[in-house]
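Descriptive structure summary
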Amino acid sequence: MSFIKKFIEQETVNRRNFLFASAYGVGGAAAMGMFGPGMARAALTDPTIAWSYRNRTNPYWNEIVSGGEAFVESLGMSKDALTHLINEGSSEKSLADVKALLAKSNGNLALAIDTNDAPNARPVVEAVAEAGAYVSTLWNKTDDLHPWDFGDNYVSHMSWSDEGPAEQTARILLDAMGGKGGVVHLGGIASNNPAIERLQGLKNALKDYPDVELLAAEPADWDTQKANQVMSAFLTRYGDEITGVHCANDTIAYGVLEALRAEGIEGMPIVSYDGNPQAVGLVAEMKILATVFTNPHWGGGITASLAYHAATGAFKPSDEPNEHREFYGPTIMVQPEDALEFKASYLDSVPTYDWADFWGPSNGPIVYK
Amino acid sequence: MAVTGSPEAQKSAGGISRDVLVRWAPLLVLLVLMAFFALMEPRFLTVRNFARILIAASPALMVAIGVTFIIIMGSIDLSMEGTVSVCAVSFAFCFIWLGGTLASWAWLALPLALLVGAVLGFVNGLIHVKLKIPSFMASLAMGFVGTGLAMVMTGGDRIRIEDELFRSLLTERILNFPLMVYVAGLFVLIAWFIQSRTTLGRNFYAVGGGEELAHGSGLNVDRVRVMGFTLAGVFFAAGALLAVGRIGIAETATGNNFMFLSITAVVVGGTALWGGIGGVWNTLVGVLIVFVIGNGMVVIGLPGYVQDGVLGLLVILAVILSTDRKSISFVK
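Everything in this summary refers to the structure shown in the same document. Note that the structure is a prediction, hence the values are computed from the model and not measured. (Residues numbered from 1 in each chain as written. Chains lettered and ligands numbered in written order. Predicted model: local features only at pLDDT ≥ 70, side-chain atom pairs only at ≥ 80, totals over all residues. Heavy atoms only, no water.)

The secondary structure content of chain B amounts to 13 helices and 4 strands. The C-alpha atoms of chain B give 20 Å as radius of gyration, which agrees with the globular expectation for 332 residues (20 Å, within 12%). Projecting the C-alpha coordinates of chain B onto the three principal axes gives extents of approximately 65 × 55 × 35 Å. Counted over contacts in chain B with a minimum sequence separation of 6, partners at least 24 positions apart contribute 76%. Accessible surface, chain B: about 14700 Å² in total, of which carbon and sulfur atoms supply 71%. The positive charge centre, built from 20 side chains, and the negative charge centre, built from 16, are 6 Å apart in chain B. (Helix = DSSP H or I, 4+ residues; strand = E, 2+ residues; numbered from the N terminus. Rg over C-alpha atoms; globule rule 2.2 N^0.38 Å. Contact = heavy atoms within 4.5 Å. Areas by Shrake-Rupley, 256 points an atom, 1.4 Å probe, with all protein chains shown as cover. Lys, Arg positive; Asp, Glu negative; His and termini not counted. Charge placed at Lys NZ, Arg CZ, Asp CG, Glu CD.)

Before going further, it helps to examine the sheet that holds strand 8 (residues 242-247) of chain A. Residue and element names in this part refer to chain A. The 4 strands lie next to each other as 7-6-8-9, forming an open sheet whose pairing is parallel. Of all strands in the sheet, those with a lone pairing partner are strand 7 (212-219) and strand 9 (270-271), marking the two edges. Here strand 6 (residues 181-187) pairs with strand 7 via 7 bridges, running parallel. Paired with H185 across the two strands is A217, which belongs to strand 7. Set on the sheet, helix 5 (residues 163-176) makes contact with strand 6, strand 7, strand 8 and strand 9; between it and strand 8 the angle comes to about 160°. Its contacts with the sheet put helix 7 (residues 224-238) on strand 6, strand 7 and strand 8, and the angle it makes with strand 6 is roughly 155°. (Pairing = 2+ DSSP bridges. Axes fitted to C-alpha atoms, helices over the stretch in contact; angles between N-to-C directions.)

Time to look at the pairing of strand 8 of chain A. Residues and elements named next belong to chain A. With 5 of 6 residues buried, strand 8 lies mostly within the body of the structure. As judged from the 5 bridges shared by strand 6 and strand 8, these two strands associate in the parallel manner. Among the inter-strand pairings, G182 is bridged to a residue of strand 8, identified as I242. As judged from the 2 bridges shared by strand 8 and strand 9, these two strands associate in the parallel manner. Among the inter-strand pairings, H246 is bridged to a residue of strand 9, identified as V271. This β-α-β element, strand 8 to helix 8 (residues 250-262) to strand 9, shows right-handed connectivity. (Buried < 20%, exposed > 50% of the residue type's maximum accessible area, 1.4 Å probe, protein only. Right-handed = clockwise from strand over helix to strand, strands pointing away.)

What follows deals with a nonpolar patch on the surface. Residues and elements named next belong to chain B. Judged by side-chain polarity, L115, V119, F122, V123 and L126 come together as a nonpolar surface patch covering roughly 390 Å² of accessible area. Inspection of the secondary structure puts V119 in helix 4 (residues 109-130). On the accessibility criterion, V119 (46% relative accessible area) is partly exposed. (Patch = residues over 30% accessible without salt bridge, like charges linked within 9 Å, V, L, I, M, F, W, Y side chains within 5 Å. Salt bridge = Lys/Arg side-chain N within 4 Å of Asp/Glu carboxyl O.)

Let us now look at the sheet that holds strand 4 (residues 134-138) of chain A. All names here are of chain A. The sheet built from 6 strands is open, its strands ordered 2-1-3-4-5-11 with parallel pairing. Of all the strands in the sheet, just strand 2 (83-86) and strand 11 (326-328) have a single pairing partner and so form its edges. Between one strand axis and the next, the sheet turns through 15° on average, direction left out of account. Relative to strand 3 (residues 109-113), strand 1 (residues 48-53) runs parallel, the two being bridged by 5 bridges. Opposite S52, over in strand 3, you have I113 as the bridge partner. Contacts from helix 4 (residues 121-130) reach strand 3, strand 4 and strand 5 (154-159) within the one sheet, and its direction differs from that of strand 4 by about 160°.

Okay, structure coming up:
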């Protein structure tokens, strides 16, 4: 059994060496600290500003990117100065594009990105940090990846938790149904996190409404036409049993409304999510009872702004508390009584945001379950 | 030099010949599916539900018929998503610009949309024929161009068509079926007429059945191809109009999913991908199969991903049925 003994000995030595090394490292870091923050990597001047996202055909992403453009314009540049990296739903392309742009700009880059899926966030962040550039992420990252583990280069991450707001809209819906009857849910792409959270929100609310039955929950893939078909089929299966519809987003609600219109059904209580302009109009007309606005314009702008201002040294991310580096985006509930006012102040004229007010409208630190 | 759509049935001794089976299999599949869903959920077999299925199927039927002509020629057209988006968006822009109601000059937007479809199809055909790019690549690329063009035109926004008169396509019903179903039916008859009663229709089969032979017989194959793609573009535009009529929204995403739906429908309907076999009626049955599955799955309460799986299996089944494996020595 000598090999076991030898192994244990080796491990003991290794651990001792590791502790020595750590102590040395901590001491070294402390010594470096005495020379002040000037030891940090020099800030960038005039970095390339880029937004990496899926594509603009989706109204939501269109809003995000328009926010990025508004930020670039606020710097006195034309909006064409924003570099667009379009991944078309491919994580591989997303990463390859980022690496190419890092090489082209020689690391002089302020990047805002949704990495398309969570696992892709790590390689992207690592590539950016290695090149000395700055990145802020939106929506997708794994739970073990944190901006503070990368010094200043991984500036921030913003996401939204949809479960709470979706539960609120569900309660509005269930109240409008008089607390009884049957509800159907038309969801997003089944594996998408927001789709899961929004359905969960409905289920949470249903616990307090024992007389309402969840008749069915079917994915409609965020798609108006698919939602239209699914709703028609629901009408065949459940007919008059359906007394309320919970939609995972606005584009789904449009399809549902048209399916009901085809059948001559009016006044069915419906709630949705996202706060697209058209949906807000429908809320004002009482055709949708509530939607949730997440201010994608601000989200897109502030993500680019954070990366840019960290890159130029206007603020130092590592001096900020953790809740300034991982935080939830804003959510605003839109209901018929305030829909017109909301429309006037947020949609008809896009507010001019102070892009240096990084955390004003945000919604608290991200909580991991 | 007329070539018939399906070769003369060769009666085998006893029982049904292969050709008869191939010809009627899609319809049989449709009936079996309907019987299955009706058994599982009697409400499937109501007139209102058939109306729902037909409303959902009408736009895709137009697109599938367009691509049927191309597939009969032995080519393929994958530009439908882009073409549908561009036609829908340009229709909506013109419609609103010219007054926003069918009762005004805005009706001109309808023929204009068909014209836009024809032009896109024409360009598609020219690229395929003149630059000698395989149709699948040329049309796929044109589809991307179309999607991009629609994106540039709308800037990512969606355009609402609220005109009650135009929306009567969906809201007005004759004998329980909305007007758009009858419009789709009219286009099917036109397509059938083109397929069986015009030289162009015959020429599609000639090209698909044996291009060398057709060329050798003096047929201007290139011209037939370009006209085929143009015709397909017109039908894609018709699909776009019905899609806008159904949802009341024109946007870049209007064209989404039409590629998968229409190609699946054409193949499941029994039109062979190597050309010369099949036609409009096959496509009608194929589209109905696809949408009966889509509707029936939800009606009997099966989850959506099972639906995709079943469609995939049906495509394989359809190709097995419509292929005479003895006559094919290798598959590429």
